[in-house]
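# Structure assessment
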Amino acid sequence: GGHLLEVRDLHIEFRTTEGVAKVINGVTYHLDAGETLAVLGESGSGKSVTAQAIMGILDTPPAHIRSGQILYQGRDLLTRSEEQRRQVRGKEIAMIFQDALSALNPVFPVGWQIGETLRQREGTSRADARRRTVELMDLVKIPAAAKRLGDYPHQFSGGMRQRVMIAMALALDPKVLIADEPTTALDVTVQAQIMDLLADLRRDLNMAMILITHDLGVVAGVADRIAVMYAGRIVEHADVRSLYRVPAHPYTKGLLESIPRLDVRGQALSTIKGLPPNLMRIPSGCPFHPRCPYVQQVCVDVVPHDLVLGDGRTSACHFAQEVRDDSAR
Ligand code: SF4
Ligand code: MG
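Just so you know, these numbers come straight off a predicted model, no measurement behind them.

### Focus: the overall build of the protein
For the protein, the helix and strand inventory stands at 13 helices and 12 strands. Relative to the compact-globule value of 20 Å for 329 residues, the protein shows a C-alpha radius of gyration of 21 Å, a close match. The principal-axis extent of the C-alpha atoms belonging to the protein is close to 65 × 50 × 45 Å. Across the 329 residues that make up the protein, the buried fraction comes to 40%.

So this is what it looks like as structure tokens:
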């Protein structure tokens, strides 16, 4: 059987007056019903752009989808009619963003905004919409939901606004929720609460989730698998435990080594040297080579393909085996 959602060999560029930025360079990943895939990478790695392509909010210049497929239940969203796509996007696949405040309309009460999403479904009466709105607000654990229907976005805290946005995303019972940096704008305590909520929802609703983040620290308790992105490619893909325990790509290894550890006092943090590449001039061979502690001449000359390391994990590194052995030491 096929996957619920599958991105296949996607290539996207941004054509600007300064040149062509190659933002997505052959991304392939899949998502099965009920599972959570974390897509991890620095800003500019292409993790949000891939999600925007899935949601169909990348159909205008300067973005240009050069090639690839985005299969939902086996059908390519990129070649379906506008009407067919509308059926899927926002309903079957919903998305939440980092900034709840700008995603919500400041001049309408939140109850009305959630109800408006519900009323997109034919035959939903005002009374149905109201009842379901309260249910959704309860589901995302907004206290005294029925009393807050008439409140405006600015009357909620940042964390509560993020819950309102999640309630809106859940209004049409999506099978897939894409969460793009859902906790980045929040303080640490609230971040943990929102991640807990997402983990509960995903379990209770048996919903599949793509969690996009730059923060390895937030994915451990939530995700089943991780795809690590760099310069518009997936450089490592593995189940969460294997990836944390024994990273097999130097970039992932660097990310893990730069997480502050509470259990090691005064530990000097190692960070990955250098900066992510300019996507108008991606380095030859392996795009990570200018920053890589394992670099050899072959890395400069030859683009590494995915090396399959068993258990379905892959690493796009000429020395994946060596890096993994080194990590296991
Ligand atoms: Fe480093 Fe070479 Fe592997 Fe790229 S291919 S990550 S440069 S060792
Ligand atoms: Mg982003």
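### Points about the site of ligand 1
Near ligand 1 the following residues occur: Pro250, Cys286, Phe288, His289, Cys292, Tyr294, Val295, Cys299, Pro304, Cys317, His318 and Phe319. The residue inventory of the shell around ligand 1, partitioned by class, reads 10 nonpolar, two polar and no charged.

### Quick look at the UniProt feature "domain: ABC transporter" (unreviewed entry) in the protein
The sites that carry the UniProt feature "domain: ABC transporter" (unreviewed entry) are, in the present numbering, residues 7–256. Secondary structure across residues 7–256 comprises 38% helix and 27% strand; the distance between its end C-alpha atoms is 26 Å.

### Observations concerning the pairing of strand β1 (residues 5–16)
Across eight bridges, the pairing between β1 and strand β4 (residues 63–72) is antiparallel. Each residue of the ladder has a partner; that of isoleucine 12, found in β4, is isoleucine 65. Where β1 meets strand β2 (residues 19–31), 10 bridges bridge the pair, whose relative direction is antiparallel. Counted as the bridge partner of glutamate 6 is histidine 30 from β2. Linking two consecutive strands that pair antiparallel, namely β1 and β2, is a turn of two residues.

### Remarks on the sheet that holds β2
In a beta sheet, neighbouring strands pair by backbone hydrogen bonds and run either parallel or antiparallel. One open sheet accounts for four strands, arranged β2-β1-β4-β5; its pairing is antiparallel. At either margin of the open sheet sits one strand with a lone partner, and together these are β2 and β5 (75–76). Against the sheet, helix α1 (residues 47–55) engages β1, β2 and β4, with an angle of about 105° to β1.

Quick notes on the rules
Numbering of residues starts from 1 in each chain and follows the order in which that chain's sequence is written. As a convention, the first chain written is A and the first ligand written is 1, with the rest following in written order. The model is predicted, so local features are restricted to residues of pLDDT at least 70 and side-chain atom pairs to those at 80 or more, both for listing and for counting; the totals for chains, interfaces and linings are taken over all residues. Segments assigned H or I by DSSP are reported as helices when at least four residues long, segments assigned E as strands when at least two residues long, and all are numbered from the N terminus. Put simply, the radius of gyration uses C-alpha atoms, and a globule should come to 2.2 Å times the residue count raised to 0.38. Partly exposed residues are those whose C-beta has more than 12 but fewer than 20 other C-beta atoms within 10 Å; with 20 or more the residue is buried, with 12 or fewer it is exposed, and the C-beta atoms are placed from the backbone. To decide whether a residue is near a molecule or strand, its C-beta atom is placed from the backbone and checked for lying within 6 Å of it. When residues are sorted by character, Ala, Val, Leu, Ile, Met, Phe, Trp, Tyr, Cys and Pro go into the nonpolar class, Asp, Glu, Lys and Arg into the charged class, and all the rest, Gly among them, into the polar class. UniProt positions are given in the numbering used here, feature names are shortened, and annotations may be inferred rather than shown by experiment. Any two strands are treated as partners once DSSP identifies two or more bridges connecting them. Note on contacts: each residue gets a C-beta atom placed from the backbone, and two residues are in contact if those atoms are within 7 Å. Throughout, an axis means a line fitted to C-alpha atoms (over the contacting stretch in the case of helices), and angles, computed between N-to-C directions, take values from 0 to 180 degrees.

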